[in-house]
Amino acid sequence: MTVSAVIVIPIYNHKDEIGATLERLMPHGLPIFVVDDGSNEATQAVLAALAERWSPAVSLLRLDVNGGKGAAVMAGLRAARAAGFTHALQIDADGQHDAADVPRFLDAARAAPDAVVLGRPVYDESVPKARLYGRYLTHVWVWIETLSFSIPDSMCGFRLYPLDAACALIDAVALPTRMDFDIEILVRLSWRARRFVTIPTRVTYAPGGLSHFDVVRDNVRISKSHARLVAGMLVRSPLLLARKILPRKVPPHRCEPQARLEHRGRWWRIAERGSRTGMRLLALSLRVFGMRATRLWLHPIVAYFLLTGRSARQESHRYFARLRDASPAQRTPPPGWRSAYRQMFAFAEAGLDKFAAWTGRVTHTHVVFDHRAAFDALVASGKGALVIGAHLGNLEMTRALAVHGARAKVTAIVYTEHARRFNSVLAGAHRNFSSRMVEVADFGPETAVMMQQRIDAGELLVIVGDRVPAHEAGRVVDAPFLGATARFAQGPYVLAHALGCPVYLFFCLKERGGHRLYFEPFAERIALPRRERAAHLAAHAHRYAQRLEYYCRKAPYQWFNFFDFWARQSGEGNGRR
């Protein structure tokens, strides 16, 4: 998108400062709309002379009656859009803002044309302390009203609007026309999912400068505005939380249909979804209100995602269709909206359980082993082992319980760059979170060397076997899974062969309000003879796929691979669509 920007300056009786302000802005070569908000005759005369002097760069718009800063800005934005501009840079007439920063605002707009670019004031000693400290109360209210920290300063009059978004809001909502305008328009743009970019900018207060801020009236107006906005936030809170917590849409790829099919089958190309802020809000709610109250938030959030997450909804439908067709004699959930909702809700609930486990709210009393003999024998032996799980149930919660219980050392091996925002929030819940997690890019010889020391120390290394890492796209093995051929990573079996350690399968399923652990031997040792390597890998992958299929039938809503697991790497899927 080409950015075509204009400067909008609202003015009311700043006849002594406006000339210097225009002088500093003219070198940037942008058209300027000066909006006279019903100024006195002396100011009108100065503005007329300046408009004539700087014509045609400076255009003068006049409001017959003083309507307030908001009214003047809105008139300028509408005029700018009608003139064909895409963006408007608002700046105050009194010279407080640093005009040298105009190029920085324009560069930010070119980099993110859909974003609102905000000035974040950097004050010197000239700032009145009452004004400085008083702003922070508004900052806090804005953070509450938007349920985010994306607007660090909502009162700075140096900002750049994308005109389509700003004018659409102005035309749809009766915004305030006085000093509270600057605050309310940003909050409402945030509600409309508008992005914000912040530019630090110097702000100075000239001695004896003219200010139109009425301490009593404008503070009353701002207080009323915050009351409206808090009420609006409460009504919109499920949607606002959903936008922060649930998956973000992946930008459309400029590719051919074949490549889009390929993307559908590659989970690592799906961007991590949700923001740290939204995840931290849920974590905070869990600490303050408890699991039961926080769990209620998940219903509107998941409902929103179900309605807007078309791709994940389709993949859920495909999964349940395969589950049904592969188990004709068994009663399975029918594919459809209800099944997709329950699967997505189970996914969201699993995230809450992870927070709860790492903060000690879920203890060993809430978890039982189905058969614990194999686990007890392994722990008693002091040996390390490789434990293969899946994106089914809640492996992370089990690692948290192991840390709290200190009975076994459990380390998760995770794929690099995946779920980092979510993991960073979990890291804040317990100091040992990161120490028991190792990031890897693939499962090759280098990984085996890194893991050997942990195995020798008696640790249990937990990995998942139901995804193919990005760097292992060519190191896969086909195995039948839910009635069609799917591709599984070779990495877990290659790693087990290199480590020479016992291998177990492990699943943690939510059942009847609690969690049940399934821990079963897979192989005392995995050997991969060179001449029969492919056959051995296929046999191990086949056995793993059989057990994964068994547990998918046992807990059909708790398998969380929301992508086409059966897609071929070339983009062509196997089996029914």
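S.K.: Teacher, can you tell me more about the overall build of the chain here?
M.R.: When helices and strands are counted, the chain shows 18 helices and 16 strands. Across the 577 residues in the chain, those meeting the buried criterion constitute 53%. Sequence-distant contacts in the chain: of pairs separated by 6 or more residues, those separated by 24 or more amount to 79%. Summed over all atoms, the accessible surface of the chain reaches about 26,200 Å², with 55% contributed by carbon and sulfur.

S.K.: Where do I start with the pattern of salt bridges in this structure?
M.R.: Where side chains of opposite charge bring their charged atoms close, a pairing between them can arise. Applying the stated criterion across every chain yields a total of 26 salt bridges. Ionic pairing is found between Arg324 and Asp325, a salt bridge with its closest N-O pair at 3.0 Å. Between Asp370 and Arg516 there is a salt bridge whose closest N-O contact spans 3.5 Å. Note that Asp370 is positioned in the loop between strand 8 (367-369) and helix 13 (373-381) and Arg516 in strand 16 (residues 514-523), a separation of 146 residues in sequence. One network of salt bridges, in which partners are shared, links Lys69, Asp92, Arg159 and Asp182.

S.K.: How should I be thinking about the sheet that holds strand 1 (residues 5-11) in this particular structure?
M.R.: With mixed pairing, seven strands are arranged side by side in an open sheet as 3-2-1-4-6-5-7. Both edges of this open sheet fall to strand 3 (58-63) and strand 7 (196-203), since each of them pairs with a single strand only. Within the sheet, the average angular offset between the axes of one strand and its neighbour, ignoring direction, is 25 degrees. Two strands pair when backbone bridges link them, and strand 1 and strand 2 (residues 32-37) are joined in this way by five bridges, in the parallel orientation. When the sheet's bridge partners are listed, Ile11 is paired in strand 2 with Asp36. Sheet strands in contact with helix 6 (residues 163-172) are strand 4 (87-90) and strand 6 (159-162), and its direction is about 80 degrees off that of strand 6.

S.K.: Got a minute to help me understand the packing of aromatic side chains in this structure?
M.R.: The description of an aromatic ring pair uses the distance of the two centres, along with the angle that the planes make with each other. With the rule as written, the count across this model stands at 27 aromatic pairs. Note on Phe563 and Phe565: the rings are 6.2 Å apart at their centroids and 55 degrees apart in plane angle, and the pair reads as tilted. The same class applies to Phe563 as to Phe565, namely buried. Taking NZ or CZ as reference, Arg322 lies 4.5 Å from the ring centre of Trp566, over its face. Positioned above the aromatic ring of Tyr550, the side-chain terminus of Arg547 is 4.6 Å from the ring centre.

S.K.: Just to check I follow, could you spell out the packing of helix 1 (residues 18-25) against helix 2 (residues 41-53) for this structure?
M.R.: In a packed pair of helices, the relevant descriptors are the angle between the two axes and the axis-to-axis distance. Across the interface, helix 1 lies against helix 2 with an axial gap of 11 Å and an inter-helix angle of 20 degrees. Judged on the interaxial angle alone, helix 2 and helix 1 are roughly parallel. As helix 1 runs across helix 2, the sense of the crossing is right-handed. Side by side, helix 1 and helix 2 meet where Ile18, Gly19, Leu22 and Glu23 of the first sit next to Val46, Leu47, Leu50 and Arg53 of the second. For the contact of helix 1 with helix 2, the per-class residue count stands at five nonpolar, one polar and two charged.

S.K.: Before we go on, may I ask you to explain the side chain of Thr43 in this structure?
M.R.: Within the secondary structure layout, Thr43 lies in helix 2. Taking the relative accessible area as the measure of exposure, Thr43 reaches 1% and is therefore buried. Other than its neighbours up to four places away in sequence, Thr43 contacts Ile11, Asn13, His14 and Lys15.

S.K.: Mind showing me how you'd approach the nonpolar core here?
M.R.: Looking at soluble globular proteins, one finds that nonpolar side chains tend to be buried together. Within the largest apolar cluster, 66 residues are counted, with the highest numbers of intra-cluster contacts made by Leu392, Phe481, Phe488, Tyr544, Leu548, Trp559 and Trp566. With nine residues, the single largest contributor to this core is helix 12 (residues 337-358). With residues up to four places along the chain from it excluded, the contact list for Tyr544 reads Ile388, Gly389, Ala390, Gly465, Asp466, Phe488, Tyr493, Leu505 and Phe522. Counting residues in each nonpolar core, the second largest holds 40 residues, with Val73, Leu163, Leu175 and Leu189 among its members.

S.K.: Explain helix 2 here, please?
M.R.: Since the α-helix turns once every 3.6 residues, residues separated by three or four places project in the same direction. Look at helix 2: 18 Å from first C-alpha to last across 13 residues, which is about the 18 Å you get at 1.5 Å a residue. Looking only at helix 2, the buried set comprises Thr43, Leu47, Leu50 and Ala51. The buried residues of helix 2 occupy an angular sector of 100 degrees when the element is viewed end-on, so they sit on one face. Turned more than 90 degrees off the buried face of helix 2, the exposed positions are Glu41, Glu52 and Arg53. Lining the buried residues of helix 2 we find strand 1, helix 1, strand 2 and strand 3.

S.K.: So what exactly am I meant to see when it comes to the pairing of strand 16 here?
M.R.: Put simply, side chains in a regular strand alternate between the two faces of the sheet. Across the ten residues that make up strand 16, a large majority, eight, are buried. Direction of pairing for strand 8 relative to strand 16: parallel, over a ladder of three bridges. From the neighbouring strand, Val368 faces strand 16, where its bridge partner is Arg516. The sheet contact formed by strand 15 (residues 503-511) and strand 16 spans nine bridges and is antiparallel. Directly across from Glu511, in strand 16, lies its bridge partner Gly514. Taking the residues that link successive antiparallel strands as the turn, the strand 15-strand 16 hairpin has two residues, and the phi of Arg512 there is positive, at about 55 degrees.

S.K.: Please clarify how empty space enclosed by the protein should be interpreted in this entry.
M.R.: Empty space among the atoms becomes apparent when a probe as large as a water molecule is rolled across them. As enumerated under the stated definition, the model contains three cavities of 30 Å³ or more in all. In this model, the second largest cavity occupies a volume close to 40 Å³. Forming the boundary of the second largest cavity are Thr21, Arg24, Leu25, Ile91, Asp92, Gly95, Gln96, His97 and Ala99. A class-by-class count of the residues in the lining of the second largest cavity yields three nonpolar, four polar and two charged.

S.K.: I would appreciate a short explanation of the packing of helix 3 (residues 69-82) against helix 6 in the present structure.
M.R.: Where helix 3 meets helix 6, the axes come as close as 10 Å, and the angle between the chain directions of the two elements is 125 degrees. Looking at the two axes, helix 3 sits oblique to helix 6. The handedness of the crossing between helix 3 and helix 6 is left-handed. Counting all contacts with helix 3, which are made through Met74, Leu77, Arg78, Ala80 and Arg81, the residues of helix 6 involved are Leu163, Asp164, Ala166, Cys167, Ile170 and Asp171. Its residues assigned to classes, the contact of helix 3 with helix 6 comprises seven nonpolar, no polar and four charged.

About the thresholds
- Residues numbered from 1 in each chain as written.
- Predicted model: local features only at pLDDT ≥ 70, side-chain atom pairs only at ≥ 80, totals over all residues.
- Heavy atoms only, no water.
- Helix = DSSP H or I, 4+ residues; strand = E, 2+ residues; numbered from the N terminus.
- Buried < 20%, exposed > 50% of the residue type's maximum accessible area, 1.4 Å probe, protein only.
- Contact = heavy atoms within 4.5 Å.
- Areas by Shrake-Rupley, 256 points an atom, 1.4 Å probe, with all protein chains shown as cover.
- Salt bridge = Lys/Arg side-chain N within 4 Å of Asp/Glu carboxyl O.
- Pairing = 2+ DSSP bridges.
- Axes fitted to C-alpha atoms, helices over the stretch in contact; angles between N-to-C directions.
- Phe/Tyr/Trp six-rings, centres within 6.5 Å; stacked < 30°, edge-to-face > 60°.
- Lys NZ or Arg CZ within 6 Å of the ring centre and 35° of its normal.
- Parallel < 35°, antiparallel > 145°, perpendicular 65-115°, else oblique.
- Left-handed = near helix turned anticlockwise from the far one by under 90°.
- Nonpolar A, V, L, I, M, F, W, Y, C, P; charged D, E, K, R; others polar.
- Core = buried A, V, L, I, M, F, W, Y, C linked by side-chain atoms within 4.5 Å.
- Expected span 1.5 Å × (residues − 1).
- Arc of directions from axis to C-beta.
- 1 Å grid on protein atoms, 1.4 Å probe; cavity = no way out; pocket = protein on both sides within 12 Å on 5 of 7 lines; lining within 4 Å.
- Points joined across faces, edges and corners; volume = space filled by probe spheres on them.

So far we have only geometry, and geometry alone does not tell us how the molecule works.
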